Amino acid sequence: MSGEQMTPEAAYEQRLQAYVGSVLVPGRPGQDPVNVPMIRHWVEAMGDANPVYLSAEAARATGRDGVVAPASMMQAWTMRGYAATTAPHDPTPFDELVALLAEGGYTSVVATDSEFEFHRELVPGDEISTEEVVESISPEKRTGLGAGRFVTTVRTYRDASGTAVATQKWRALRFRPAAKKALRSRPAVNQDNEFWFAAAKEQRLVVQRCRSCETLRHPPGPCCPHCQSFDWDTVPASGRGTVYSYVVAHHPPHPAFEYPLLIAVVELAEGTRLITNLVGVAPDDVAIGMPVRLDWLEADPELTLPVFRPATDRP
């Protein structure tokens, strides 16, 4: 930028684009020559019954000199195991590019496509190596996964003489994960309490009632603890109550909640008690016996919960 200081964004872009054309993996050899046992494992796992991969007679019947390796195995001959890729090592150009992308927030990756061009079939005894070069790094794109950059590299697979046997254009999206609102843990809904959460979804607070002795109970259950009847219905709660007890939670923090978090046992006017959150009040202003009234928290599109605020408070 003539006469002007380069912006941090432009400087970062320049550092990224400097990798275009650079070698990330310089001629890494495969750990083993092409061999029939690995071919056998591959075709059995893939369910590929083409006889030219295991039968020399079948391969010669097609004009080949002997068995050949499946083209789809090309990448497998040079891939390293997990232990080899995670062992301590000096930073490679690939590591440096990944670190630079992470510096820009592009910490997640998903493969988007792989395009192979095969020049000849591999046969047992071939020793394969691969070299990977950066073809392009796109400007930042907006995707459904988040803002990111498409990094396209070209891998060239060579035999022991240095002749290219295949090329692979590999494109991956390195992206900055889109921020998502953390969700509250899902309640343990079952056939005994499903009615209560369904009513809450409609912003109705109900209390289970025994039809035989008319005793109210909460939390919901299949049987009346007083008369052991299994017959029940519900009554609507007035939404009035008092603080029976409470705690102020600070830890462990969870992104779905705002802290300090007031967790209370509210005694409803109907006589049952409910574990809930208190809102619209500071922890120092809460008192046992404080009158509270019902409010509703739409935690997310699938979860609505009753909360309580001071009865003297007005929205």
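This report concerns the structure included in the present document. Worth saying up front: this structure is predicted, and the values here are computed from it rather than measured.

Criteria and cut-off values
- The numbering scheme is per chain: residues are counted from 1 as the chain's sequence reads.
- For this predicted model, a pLDDT threshold of at least 70 governs which residues receive local features, and a threshold of 80 or more governs which side-chain atom pairs are given and counted, while totals over whole chains, interfaces and linings are taken from all residues.
- Excluded from the side-chain calculation are hydrogens and water; included are all heavy atoms of the structure.
- Elements are defined by DSSP. Helices are runs of H or I of four residues or more, strands are runs of E of two residues or more, and each kind is numbered from the N terminus.
- Radius of gyration here uses only the C-alpha atoms, and the compact-globule reference equals 2.2 Å multiplied by the residue count raised to the power 0.38.
- Any two residues whose heavy atoms approach within 4.5 Å at even a single point are treated as in contact.
- Note on areas: these come from Shrake-Rupley sampling with a 1.4 Å probe, and a residue is covered only by the protein chains present in the view.
- Neither His nor the chain ends is counted toward charge; the positive residues are Lys and Arg and the negative residues Asp and Glu.
- Here the site of a charge means NZ on Lys, CZ on Arg, CG on Asp, or CD on Glu.
- At least two DSSP bridges between two strands are needed for those strands to be called paired.
- What counts as an axis is a line fitted to C-alpha atoms, over the stretch in contact for a helix, and the angles between N-to-C directions run from 0 to 180 degrees.
- Partly exposed describes any residue whose relative accessible area lies between the buried limit of under 20% and the exposed limit of over 50%, with all areas from a 1.4 Å probe on protein chains only and scaled to the type maximum.
- Only Phe, Tyr and Trp rings are paired, with Trp represented by its six-membered ring, and only when their centres lie within 6.5 Å; those with planes under 30 degrees apart are stacked, over 60 edge-to-face, the remainder tilted.
- Definition of a polar contact: a pair of N or O atoms within 3.5 Å, with one able to donate and the other able to accept a hydrogen when the atoms are protein atoms, and with sequence-neighbouring residues admitted only if both atoms are side-chain atoms.
- Within this scheme, the nonpolar core is defined by two criteria: the residues are buried Ala, Val, Leu, Ile, Met, Phe, Trp, Tyr or Cys, and they are joined through side-chain atoms within 4.5 Å.
- Here roughly perpendicular refers to angles of 65 to 115 degrees, roughly parallel to angles under 35, roughly antiparallel to angles over 145, and oblique to all remaining angles.
- Crossing handedness is read from the near helix: turned anticlockwise from the far helix by less than a right angle, it gives a left-handed crossing, and turned clockwise, a right-handed one.
- When residues are sorted by character, Ala, Val, Leu, Ile, Met, Phe, Trp, Tyr, Cys and Pro go into the nonpolar class, Asp, Glu, Lys and Arg into the charged class, and all the rest, Gly among them, into the polar class.

## Things to note about the overall build of the chain
On a plain count of helices and strands, the chain comes out with six helices and 14 strands. Taken against the 2.2 N^0.38 rule, which gives 20 Å for 315 residues, the C-alpha radius of gyration of the chain at 33 Å runs more than 25% over that of a compact globule. For the chain, restricting intrachain contacts to residue pairs at least 6 apart in sequence, the fraction spanning at least 24 positions comes to 61%. Accessible area of the chain: about 18,600 Å², with a carbon and sulfur share of 54%. Separation between the mean location of the 30 positive side-chain charges and that of the 39 negative ones in the chain comes to 5 Å.

## A short note on the sheet that holds strand E11 (residues 261-268)
Taking strand neighbours across the sheet as the criterion, the five strands line up as E12-E11-E10-E13-E14 in an open arrangement whose pairing is antiparallel. Looking along the sheet, the strands with just one partner apiece sit at the ends: strand E12 (273-277) and strand E14 (303-310). Between one strand axis and the next, the sheet turns by 35° as a mean value, whatever way the strands run.

## Some points on the side chain of Thr130
In this fold, Thr130 is placed in strand E3 (residues 129-137). For Thr130, a relative accessible area of 5% gives the class buried. Once residues within four sequence positions are removed from consideration, Thr130 is found in contact with Val25, Pro26, Gly27, Arg28, Thr78, Arg155, Thr156 and Tyr157.

## Comments concerning the packing of aromatic side chains
Scanning all chains against the criterion turns up four aromatic pairs. Ring centres of Phe116 and Phe118 lie 5.0 Å apart, and the angle between their planes is 10°; on these two criteria the pair is classed as stacked. Judged by its relative accessible area of 29%, Phe116 is partly exposed. Taking relative accessible area as the criterion, Phe118 reaches 38% and is therefore assigned partly exposed. Plain terms: the ring middles of Phe116 and Tyr157 are 6.0 Å apart, the flat faces sit at 35° to each other, and that makes the pair tilted.

## So, the pairing of E3
It is a general feature of regular strands that their side chains alternate between the two faces of the sheet. Pairing of strand E1 (residues 23-29) with E3 involves four bridges; the strand directions are antiparallel. By the bridge assignment for E3, Pro29 is matched with Ser129. Taken together, the eight bridges between E3 and strand E5 (residues 146-158) define a ladder with antiparallel strand orientation. Among the inter-strand pairings, Val134 is bridged to a residue of E5, identified as Thr153.

## Observations regarding the side chain of Arg309
Within the secondary structure, Arg309 sits in strand E14. A distance of 2.8 Å separates polar atoms of two side chains, one belonging to Arg309 and the other to Asp295.

## Focus on the nonpolar core
Counting 22 residues, the largest nonpolar core has Leu205, Val266, Leu268, Leu278, Val286, Val292 and Phe308 as its most contacted members. The set of elements that each furnish at least two residues to this core consists of helix H6 (194-201), strand E7 (206-210), E11 and strand E13 (291-300). Excluding its chain neighbours within four sequence positions, the residues that come into contact with Val286 are Val243, Tyr246, Leu262, Leu278 and Val281. If you look at the next biggest cluster of nonpolar residues, it comprises 16 residues, including Val52, Val68, Met73 and Leu122.

## Focus on the packing of helix H1 (residues 8-17) against helix H5 (residues 93-103)
When two helices pack together, their arrangement is given by the angle between their axes and by how far apart the axes lie. Viewed as axis vectors pointing N to C, H1 and H5 meet at an angle of 160°, and their least axial separation amounts to 11 Å. By the criterion of interaxial angle, the relationship of H1 to H5 is roughly antiparallel. As for how H1 packs across H5, the hand of that crossing is left-handed. Only Leu97, Leu100, Leu101 and Glu103 of H5 make contact with H1, whose side of the interface consists of Tyr12, Arg15 and Leu16. Here the contact of H1 with H5 is built from residues that sort into five nonpolar, no polar and two charged.

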